[in-house]
Amino acid sequence: GNSNKLARTAGISIANEPGKTIFNPLFVFGQSGVGKTHLANSIGVMTKQLHPEKRILYVSANTFQIQYTDAVRNNTVNDFLNFYQTIDLLIVDDIQEFAGKTGTQNTFFHIFNHLHQTGKQLVLTSDRSPAVMQGLEQRLLTRFKWGLSAEIEKPDFDLRKSILENKIYHDGLEIPEEIINYIAEYVTDNVRDLEGTIASLLAHSTLVDMPLNLDLAEKIVSRIVNVKRIDH
């Protein structure tokens, strides 16, 4: 869809030629639940399929932080650095969590520089753009802007409907189109809410044996988002 087209296209280019595109780093940002982690993992999976010899690592910023803290405590920071400098495609999720962590930022700065200078690929995700990130060193923020900053926006109606139909199909469900349209119209913020609505709908209809109709859909959607009830 239009909301994720730029980030997805850049991701495919990276998977085809990691480290050789102008999208280095690829910095993907957007609100929670719009698909940043999903895209980041997809880039890693596709790269591994096309380049099985490459070393690819997906790591959350929180896990990186814990690994770094353990390395300092165990006096193995050099091993930690050496390991990260062997990676061909490094994907760091939720990079905003480095805010205020000076030691982690310094170490990541050296890793970033080494990988970038040796033609390796970096993909970073965040819940905000580099322009509004607080608590990160300017030298890091500058590097985050070297490649492409791509926002994943909230999915539009057509994309929301496609996501719902895809999930319903894969789950082997049959849900009337008017219900799908209703959910797609009102559950607008993120994909997790869309999937949660379908799960609730299924639970109510199978476990409590309630008919799968618009009334049930309205009841479930109203628990997830504020809906002004409309007359049908």
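Residues numbered from 1 in each chain as written. Predicted model: local features only at pLDDT ≥ 70, side-chain atom pairs only at ≥ 80, totals over all residues. Heavy atoms only, no water.

Thoughts on the environment of Val77
Tracing the backbone through its elements, the reader meets Val77 in helix 4 (residues 77–84). For Val77, a relative accessible area of 27% puts it in the partly exposed group. In sequence terms Val77 and Gln67 are ten residues apart; their C-alpha atoms lie 9.5 Å from each other. In this structure Val77 touches Ala71 and Val72, once residues within four positions along its chain are discounted. (Helix = DSSP H or I, 4+ residues; strand = E, 2+ residues; numbered from the N terminus. Buried < 20%, exposed > 50% of the residue type's maximum accessible area, 1.4 Å probe, protein only. Contact = heavy atoms within 4.5 Å.)

Details of the pairing of strand 5 (residues 148–151)
The alternating pattern of strand 5 places Leu148 and Ala150 on a buried face, while none of Ser149 and Glu151, on the opposite face, is buried. Inspection of the sheet shows strand 1 (residues 26–29) paired to strand 5 by four bridges, in the parallel sense. Counted as the bridge partner of Phe27 is Ser149 from strand 5. (Pairing = 2+ DSSP bridges.)

Some remarks on the layout of surface pockets
Counted as a void, the largest pocket has a volume near 810 Å³. Lining of the largest pocket is provided by 31 residues; of these, Asn4, Val34, Gly35, His38 and Leu39 occupy positions nearest its centre. Breaking the lining of the largest pocket down by element, the ones donating at least two residues are helix 1 (5–16), helix 2 (36–50), helix 7 (157–170) and helix 9 (191–207). Ranked by the residues each element gives to the lining of the largest pocket, the list is headed by helix 2, at seven residues. Of the residues in the lining of the largest pocket, the class split is eleven nonpolar, eleven polar and nine charged. (1 Å grid on protein atoms, 1.4 Å probe; cavity = no way out; pocket = protein on both sides within 12 Å on 5 of 7 lines; lining within 4 Å. Points joined across faces, edges and corners; volume = space filled by probe spheres on them. Nonpolar A, V, L, I, M, F, W, Y, C, P; charged D, E, K, R; others polar.)

A short note on the side chain of Lys36
Relative to the helices and strands, Lys36 resides in helix 2. Summary of buried charges: Lys36 has no salt-bridge partner, and the nearest side chain of opposite charge, Asp94, is 5.4 Å away. A polar contact of 2.9 Å, which involves the side chain of Lys36, links it to the backbone oxygen of Gln31. Ignoring anything within four residues of it in the chain, the contact list for Lys36 reads Val28, Phe29, Gly30, Gln31, Thr125, Ser126, Asp127 and Ile152. (Lys, Arg positive; Asp, Glu negative; His and termini not counted. Salt bridge = Lys/Arg side-chain N within 4 Å of Asp/Glu carboxyl O. Polar contact = N/O pair within 3.5 Å; in protein donor to acceptor, adjacent residues only side chain to side chain.)

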